[in-house]
Amino acid sequence: MSMPISTWAIRNPIPPIVLFLALTIAGLIAFTKLPVTSMPSVIVPVVSVTISQPGASPTEIESQITRRVEGALAGLRGVKHITSTISEGTSLSTVEFHLETDFDRAMSDTRDAVTNIRDQLPRSILEPQVQRVEIDGGALLAFSVEAPEMRAEDLAWFIDDTVSRNLLAVPGVASVRRQGGVVHEITVTLDPAKLAAFGVTAAEISRQLALTTIDLPGGRLIEGEREYSLRTLGGAQSASALRDIWIGLGSGRGVRLGDIAEVTDGGAEARSITRLDGKPVVTFAVFRAKGASEITVGESVKRALEDSQAADPSVTYKEIFSLVDFTQTSYQSTLYVFFEGAVLTILIVFLFLRDRRATALAALTIPLSIIPTFLVLYLLGFSLNFVSLMAISLVTGVLVDDAIVEIENIHRHMAQSKGPYDAAMIAADEIGLAVVATTAVICAVFMPVSFMGGAAGKFFIQFGVTVSVAAFFSLMVARLLTPMIAAYGLKAPAHHDDKPGLWGLRYRHLVVWTLDNRGKTLGIAALSVVLSFGLVPYLSTGYLPYEDYAQSSMTIELPRGATLEQTDAVALRVVDILKKHPEVMYVLTNAGGETGVNTATVEIKLLPLKARDVSQRGFESQVLSELTDLPDVRIKFANSGGSKDISIALTGENAAALDAAARAIERDMRGIAGLIAVGSTAPSEQPEIVILPDFAKAAQLGVTVQALSDAVNIATIGDIDTNLAKLNHDGRQFAIRVRLASGPTTTLDTIGELRIPTSEGGSVPLSALAKIRFGSGPASIERYDRRRKIAVEANLVDLSLGDALQLISDLPSMKALPKGIEAQNTGDVEEMTELFSRFLTAIGAGLMMVYAIQVLLYKDWIQPFTRMAALPLSIGGAFLALVLTNTDLNMPAAIGILMLMGIADKNSILLVDYMVERIRQGVPRREAIIESCAVRARPIIMTSLAMLAGMVPIVLGIGLDTAFRAPMAVAVIGGLISSTALSLVFVPVLFDCVRDFEDWLLPKLRRLA
């Protein structure tokens, strides 16, 4: 079959040259504009609903708020999961929608659902907050700030105002979040004795201040010929002025605020303490906008801070953590692998052809295929991220395959005394259909990955598209430029030697033997396939390979009731232990915060991997063993996703049975070797002071339960922020918080003496209306899909995720779960299960497309099975390589196996295509098979070695950031070796058998027709 496009290119060289010159220039311009990110930007429709009821316990919030919110959300269209976390005073429900759900519609539906049940929720809640959850990775950069001349509250305001304003002006910066420091606040500390003497309550003082210390508009007045606006100015301008404000006591009486309270201008009560290497510090993190380049944004942020420091030398900024470094390393690693693979591929071509011009021609294929790919990525809105860059590095060995096949065939014809021009014309047409078929197979294998659905499909769309586009451009180069340049640029060899070498003769004899012993050969092939799939039980499975980020995240949890100072003291002890390790550069701790004053987070920055003797995981294992001596402390390390390596979620409505099941599974999991830091999320008991109203007395005095709650709440922590009075100063507003003194001066007796206003205008002490006693309740509650949840978690050491999951599922406690309790896989386990399920679907779709393409190209329904026969042979080699190297069958290994499907089928196409062509030319079948094997063996081996050349350095760990790519390289190397060796032996026999079957079947079909 002739392929006139190559003939046209040889006869008309100018158009192809202009075309690729334009594509190359456009690709280079697009490359400079492509954003560089760590991961693709994936929009997952997740909406959060936050409802606060200050002072309410988790059990009250669960029954009065969370269950009603979940019931309203469950009926929305497209809901996948509803997850709720309930802590003191707050209910957070997160709704995850299916990926195909429109995000704006999801937001609107969620907001409407919450609005519809607003009247069913307690009146004391704050306004519900419905927000998008932007899942786009963690902070890009984190800095510490030192300003010795500023007070803590002034430094916090400087970051929130000046630093944030400057950085938000940097293109690509989405938000700036501060950690540490305190908010500037005016504190009005009440004297309980004086409150009792004057008969006034904390709630009355707080609300009077909110109504009096305020500036309000008063309308307008026309006086003479001018119009004036009226304003009522009641706002205090300073703390001293606030002391002189009069508080009404009723019956025409009043008292100065300064006479019954102490007014302090300073910071709010600290609920968190941030330290760097044990010293107090204020930090801030920078988050990038979606689609922005991490490297570009990171450099711009650093320049902006350098300018700020130059303008104000009294403020010093220090970078403490950076995602930009990881992104830069990944980017450089991909370029390293790309150039390394290109050089080794070119070297292999030269070793086979011994022709400098032919080698240069093959080398030209790589940039001419990759650079135009950047243009397509830019037009599609993709970025240079971990996935697309991995695709580029992976496809490097494939890009040159088409050119190698073309050049090798041209070289073979020149060895038969043909000139370069004639050899290029004949060889290009001769090999054309095979080259088109092999590239179409590559695209057919990888394109389904882009559309396999789910989170994995969204994540890998850039992978499949990048590989397919690059392969398409390599086909264009092979069909347009390669034969054209060969025709005008190659030189015929001085010596023509058609005699096969020693290895060629041995291979020819092997092919002859297989054709003479077809039964034995097919039996060996069948046995190879059976043994290959017999390796499956010995394979360990996982989700993502372990990577050393030189950064560890630790969580410390003390028993509920621990104070912030106690938590901070434990964090300091942990810092002392960590700093004894030479691998540790510095440690950032944050005691308290949103998760409670009894918890602390510890971020540990390690030396680069090459500068230390222990891996990140090894370091974490050592540290955990050293920290076991700390009493009454839970310590755990989190992976890069913020959770432990394995998480088993138990759900049910019976809290006691749920807790018992979690404890039993946790106990059994501690006996599994390879699991460390085993623990659960079972909530600890929160110590409480319970106020039990005397309803008879309260009814007589006209006091409601709401009045009791408000009095206690405002007296101990102050009113809710929206109700607080404000003080205006220098264009800023400071909250005025009225409360009793915190600390040992406020006791249970103080609470009992709080005055409660009655309906008759008087007041009585709280102890006269209610009993006050100690109690306890759950500190927090987690819910999953409208049921209570406790997760049993662990980290892995020398144990794969799949093996760990199997061992856990075999535990007696897992097989004997109480009635009503269910176990569900979450975290990496859920992702792994979904990933492999969708990958199998994508592989099935790819195989169907490969078969369909070959049927269309070759107009044959049976022979495509011969070409696809090498697929199971390649998978066996991949499995064997994974078992021998003790490598998990994880996501990158699955990608490698996917890659093998295209490569193995490519080799078979080259063989069978030439066999069919020679038979069509009248050559006897046996002679055509032997000749085809001899002719096509060299290009097959060349292309396989070119692919192997780029994979070996990755397996050996040569270069940067090879941890993720290593499993992929192991699978590709094992599969390439087996598929290349076995397909060269078995495919000729299969072709011969299939032709016999066709010769038997076709006459029968013709008679039926």
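Here's what I pulled together on the structure shown here. This is a predicted model, so every value here is computed, not measured.

### Let's talk about the side chain of Thr980
In step 1: Residue position: Thr980 is located in helix α31 (residues 965-1008).
In step 2: For Thr980, a relative accessible area of 10% puts it in the buried group.
In step 3: Within the local environment of Thr980, its side chain forms a polar contact with the side chain of Ser944, the two groups lying 2.8 Å apart.
In step 4: Those residues within four positions of Thr980 in sequence are excluded, and the remaining contacts are Asn907, Ile940 and Ser944.

### Overview of the packing of aromatic side chains
In step 1: Applying the stated rule across the entire model yields 6 aromatic pairs.
In step 2: Arranged with centres 4.8 Å apart and planes meeting at 45°, the rings of Phe31 and Phe374 form a pair that is tilted. One end of the pair, Phe31, is in helix α2 (residues 14-33); the other, Phe374, is in helix α12 (residues 356-379), and 343 residues separate them in sequence.
In step 3: Here Phe31 falls in the partly exposed class, since its relative accessible area comes to 28%.

### Some remarks on helix α4 (residues 103-116)
In step 1: In this model α4 runs 20 Å from its N-terminal to its C-terminal C-alpha over 14 residues, within 8% of the 20 Å that 1.5 Å per residue would give.
In step 2: Within the span of α4, buried status applies to Phe103, Ala106, Met107, Asp109, Thr110, Ala113 and Val114.
In step 3: Looking at the buried positions of α4, the neighbouring elements they touch are β1 (46-52), α3 (58-74), β3 (90-97) and β4 (129-132).

### A word on the nonpolar core
In step 1: With 168 residues, the main nonpolar core has Phe460, Phe463, Met669, Leu675, Ile808, Ile895 and Met947 as its most contacted residues.
In step 2: Counting residues per element, this core draws most heavily on helix α29 (residues 891-920), which supplies 18 residues.
In step 3: Ignoring anything within four residues of it in the chain, the contact list for Leu675 reads Met669, Ala794, Asn795, Leu796, Leu799, Ala804 and Ile808.
In step 4: Ala236, Ile751, Leu754 and Ile756 belong to the second largest nonpolar core, which has 40 residues in total.

### Section: the pairing of strand β25 (residues 732-740)
In step 1: In terms of burial, β25 is a largely internal element, 8 of the 9 residues being buried.
In step 2: With 6 bridges connecting them, strand β7 (residues 184-190) and β25 associate as parallel partners. Counted as the bridge partner of Thr189 is Arg739 from β25.
In step 3: Pairing of strand β24 (residues 725-729) with β25, which is carried by 5 bridges, proceeds in the antiparallel orientation. Residue Lys726 lies in a different strand from β25, and its bridge partner there is Ala735.

### Re the sheet that holds strand β15 (residues 282-288)
In step 1: Pairing is antiparallel across the open sheet formed by 4 strands, whose spatial order is β6-β15-β5-β16. Edge positions in the sheet fall to β6 (173-179) and β16 (316-322), since each of these pairs with one other strand and no more. Strand-to-strand twist in this sheet, taken as the mean axis angle between neighbours without regard to direction, amounts to 25°.
In step 2: Direction of pairing for strand β5 (residues 141-146) relative to β16: antiparallel, over a ladder of 6 bridges.

### Digging into the pairing of strand β21 (residues 646-652)
In step 1: When you tally the buried positions in β21, you get 7 out of 7 residues, the bulk of the element.
In step 2: Both faces of β21 are covered, namely the face carrying Ile646, Ile648, Leu650 and Gly652 and the face carrying Ser647, Ala649 and Thr651.
In step 3: Note that β21 and strand β30 (residues 787-796) share 7 bridges and pair antiparallel. In the strand pairing of β30, Ile648 is matched with Val792.
In step 4: Note that β21 and strand β31 (residues 822-826) share 5 bridges and pair antiparallel. Within the sheet, the bridge partner assigned to Thr651 lies in β31 and is Glu822.

Conventions and cut-offs
Residues numbered from 1 in each chain as written. Predicted model: local features only at pLDDT ≥ 70, side-chain atom pairs only at ≥ 80, totals over all residues. Heavy atoms only, no water. Helix = DSSP H or I, 4+ residues; strand = E, 2+ residues; numbered from the N terminus. Buried < 20%, exposed > 50% of the residue type's maximum accessible area, 1.4 Å probe, protein only. Polar contact = N/O pair within 3.5 Å; in protein donor to acceptor, adjacent residues only side chain to side chain. Contact = heavy atoms within 4.5 Å. Phe/Tyr/Trp six-rings, centres within 6.5 Å; stacked < 30°, edge-to-face > 60°. Expected span 1.5 Å × (residues − 1). Core = buried A, V, L, I, M, F, W, Y, C linked by side-chain atoms within 4.5 Å. Pairing = 2+ DSSP bridges. Axes fitted to C-alpha atoms, helices over the stretch in contact; angles between N-to-C directions.

Just distances and angles here, no functional claims.
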